[in-house]
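# Understanding the architecture of this molecule
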Amino acid sequence: AHLMAPPPPAPGGQSLEVDYDAGVAMVRDAVSGVHPDVGEFVTKMKEEKWIDGSAGDKRSPGAYCTKFSKSRTPRVYMSAYSGTFQHVSTLAHELGHAYHNWVMRDMELAETRYPMNLAETASIFFETVVGDTLIDLSKTDEERLQYRWYDAESAVAFLMNIPARYDFDCAVHAAREEGKMLTPAFLKDEMSKAWKNWYGDSLEVVDDMFWASKLHFHISGLSFYNFPYTFGYMFALGVYAQQEAKGEDFYDAYVALLRDTGRMSAEEVVQKHLGCSLEDPDFWRGSVRIIETKIDAFEEL
């Protein structure tokens, strides 16, 4: 297999295609199941035109969320919304970031700057809620395979790809501490080792030049930029797993948790608002169980 293998083609060349309004409605309806206020927030984002998914030949691929410090309002930008499942999922992800900013809008700015390891708490939560809803609504195994492939792809990215990048980060920092020269040959060798360590013999080709093209390795003011993605993925799923146990109390606890992400550490917000400990393996097992369920369903298809 190739590291960047695409998902399988949909039978008959068909896959999910929904226009922009329907895509926003899908996200709204899905997150309304968490609480009506969350759905109303998505509606507000659309009505206020705070989401920009228009096409254009000057727009770079990608999506991101930002906010205005004075008005305290979020904005979501997508390169060109096309109605695919991936774009609906990306829209949900970025709206999660926007919601995180929204629930903190009345706080002091200094208290709204949360660390990277907590930055994905709402985005992956939104993405997971919407993904599960779309799978529930799918009518055929062919549709479900498209969605489940994305689940598997996400698991591989966060549990194999990102850890491989982290290993490379560690190797580079260790070499610098030992006074070694970071030659291209050394970097290529360490990149290959990292891929093989995590992917084993499952890859036909490894990209030993990945370090040269990936921005995450070259941000001088922020070391180990890759690690927070895996932590955030597992952390967000661990929070998501608490819904059933918390029942009707979950939403208020969740919003309070988001509001404290700029004032507390990950350990503190989970302990305070969910009564869980990140040192307890059961918290992380909740994350793993969600991933296992998704991968099992993927393999059955």
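Structure: above.
Anyway, here's the lowdown on the structure attached to this text. All values derive from a computational prediction rather than experimental measurement.

Definitions and limits used
- Residues numbered from 1 in each chain as written.
- Predicted model: local features only at pLDDT ≥ 70, side-chain atom pairs only at ≥ 80, totals over all residues.
- Heavy atoms only, no water.
- Phe/Tyr/Trp six-rings, centres within 6.5 Å; stacked < 30°, edge-to-face > 60°.
- Lys NZ or Arg CZ within 6 Å of the ring centre and 35° of its normal.
- Salt bridge = Lys/Arg side-chain N within 4 Å of Asp/Glu carboxyl O.
- Helix = DSSP H or I, 4+ residues; strand = E, 2+ residues; numbered from the N terminus.
- Buried < 20%, exposed > 50% of the residue type's maximum accessible area, 1.4 Å probe, protein only.
- Expected span 1.5 Å × (residues − 1).
- Contact = heavy atoms within 4.5 Å.
- Axes fitted to C-alpha atoms, helices over the stretch in contact; angles between N-to-C directions.
- Parallel < 35°, antiparallel > 145°, perpendicular 65-115°, else oblique.
- Left-handed = near helix turned anticlockwise from the far one by under 90°.
- Nonpolar A, V, L, I, M, F, W, Y, C, P; charged D, E, K, R; others polar.
- Pairing = 2+ DSSP bridges.

## Some words on the packing of aromatic side chains
Under the counting rule described, the total for this entry stands at 26 aromatic pairs. Between Phe 210 and Phe 217, the ring centres sit 6.1 Å apart and the planes meet at 85°, which makes this aromatic pair edge-to-face. Among the aromatic residues, ring-to-ring pairing joins Tyr 166, Phe 224, Phe 227, Phe 231, Phe 235, Phe 283 and Trp 284 into one connected group. Just above the ring of Trp 102 sits the side chain of Arg 105; from NZ or CZ to the centre is 3.9 Å.

## So, the pattern of salt bridges
In total, this model carries 15 salt bridges according to the counting rule given. Here Asp 21 and Lys 46 are joined by a salt bridge, their closest N and O atoms 3.2 Å apart. Taken together, the positions of Asp 21 in helix α1 (residues 20-32) and Lys 46 in helix α2 (residues 36-47) put the pair 25 residues apart, joining distant regions of the chain. Classification of Lys 46 by relative accessible area gives partly exposed; the value is 30%. Between Lys 180 and Glu 178 there is a salt bridge, with its nearest N and O atoms 3.3 Å apart. Through salt bridges with shared partners, one network takes in Glu 111, Asp 260, Arg 263 and Lys 272.

## Details of helix α12 (residues 281-300)
Here α12 is 20 residues long and its end C-alpha atoms lie 28 Å apart, about the 28 Å a rise of 1.5 Å per residue gives. Contacts from the buried residues of α12 go to α4 (121-137), α5 (141-177), α8 (227-240) and α11 (266-274).

## Some details on the packing of helix α10 (residues 250-259) against α11
The interhelical angle for the contact between α10 and α11, taken along N-to-C directions, is 155°, at an axis separation of 9 Å. If you check the angle between α10 and α11, you find them roughly antiparallel. The two elements α10 and α11 meet at a crossing, and its hand is right-handed. Contacts from Ala 253, Ala 256 and Leu 257 in α10 reach Val 269, His 273 and Leu 274 in α11. Across the contact of α10 with α11, the residue classes break down as five nonpolar, one polar and no charged.

## What to know about the sheet that holds strand β1 (residues 51-52)
With respect to topology, three strands assemble into an open sheet ordered β1-β3-β2, the strand pairing being mixed. Since the sheet does not close on itself, it has two edges, and those belong to β1 and β2 (63-67), each with one partner. In terms of strand pairing, β1 meets strand β3 (residues 74-78) through two bridges, oriented parallel. Bridging across to β3, Ile 51 finds its partner in Val 76.

## Focus: the environment of Ser 69
When you line up the elements, Ser 69 lands in the loop between β2 and β3. When its relative accessible area of 47% is taken as the criterion, Ser 69 is described as partly exposed. For Ser 69 and Arg 105, which are 36 residues apart along the polypeptide, the C-alpha to C-alpha distance reads 9.1 Å.

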